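Examining the three-dimensional arrangement
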Amino acid sequence: MTHTHSYSSGTLVAALATVAVMSASCSDQTTAPSTGPVATVHMYSTYSLFVSLWTNQQLHATARDSSGNEVIDAELTWTSSDTSVAWVDSNGRVTAVGNGNATIVAAADGASDSCAVTVAQVVASIDLYNDT
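Worth saying up front: this structure is predicted, and the values here are computed from it rather than measured. (Residues numbered from 1 in each chain as written. Predicted model: local features only at pLDDT ≥ 70, side-chain atom pairs only at ≥ 80, totals over all residues. Heavy atoms only, no water.)

1. Structural notes on the overall build of the protein
A tally of regular secondary structure across the protein gives 0 helices and 11 strands. The linear arrangement of helices and strands in the protein, starting from the amino end, is β-β-β-β-β-β-β-β-β-β-β. Within the protein, buried positions represent 30% of all 132 residues. Long-range contacts, defined here as pairs at least 24 residues apart, represent 51% of the contacts in the protein between residues at least 6 apart. With an accessible surface of roughly 8500 Å², the protein has 52% of that area assigned to carbon and sulfur atoms. (Helix = DSSP H or I, 4+ residues; strand = E, 2+ residues; numbered from the N terminus. Buried < 20%, exposed > 50% of the residue type's maximum accessible area, 1.4 Å probe, protein only. Contact = heavy atoms within 4.5 Å. Areas by Shrake-Rupley, 256 points an atom, 1.4 Å probe, with all protein chains shown as cover.)

2. Things to note about the sheet that holds strand β4 (residues 47-50)
Judged by pairing direction, the sheet is mixed, and its 4 strands sit side by side in the order β4-β11-β10-β7 without closing on themselves. Of all strands in the sheet, those bounded by a partner on one side alone are β4 and β7 (77-80). Between one strand axis and the next, the sheet turns by 20 degrees as a mean value, whatever way the strands run. Of the pairings in the sheet, the one linking β7 to strand β10 (residues 100-108) comprises 4 bridges and is antiparallel in character. For threonine 77, the partnering residue across the bridge sits in β10 and is alanine 107. (Pairing = 2+ DSSP bridges. Axes fitted to C-alpha atoms, helices over the stretch in contact; angles between N-to-C directions.)

3. Quick look at a nonpolar patch on the surface
Together, Val123, Ile126 and Leu128 make up a nonpolar patch on the protein surface, roughly 390 Å² of accessible area in all. When you line up the elements, leucine 128 lands in the segment after β11 (111-119). Its relative accessible area of 77% is what places leucine 128 among the exposed residues. (Patch = residues over 30% accessible without salt bridge, like charges linked within 9 Å, V, L, I, M, F, W, Y side chains within 5 Å. Salt bridge = Lys/Arg side-chain N within 4 Å of Asp/Glu carboxyl O.)

So this is what it looks like as structure tokens:
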């Protein structure tokens with residue numbers, strides 16, 4: 001998604017912010033909820049790009065039993081492979097904290113899935129000052 005805003009008052013200042021979030025998801029199962037055990041975990045986003053620090057994105061994951069039914073009482077554990085790049089809280093909310101790459105993992109009962117995260121700040125503007 002690309003947003004461009006231009007303002008004019010003697011000089012033209014243009015800001016361009018591009019946020020690209022690619023995600024892949026599968027269709028929801030139409031079977032009854034289950035109470036376990038967990039056979040698989042499916043994370044709905046497989047890649048996320050952050051272009052500025054301290055921004056957030058909510059990730060979503062579903063635990064399923066061996067028949068493909070959603071396990072409604074599964075407790076997902078969320079972790080980041082590099083907390084100097086991305087933090088993740090206990091609910092799957094990711095915060096960009098430094099440039100680089102990290103992998104966010106959602107796990108339950110030995111099953112897991114992951115989302116690759118890239119944090120790459122984009123320059124929004126440059127201010128030039130003349131000291132003379």
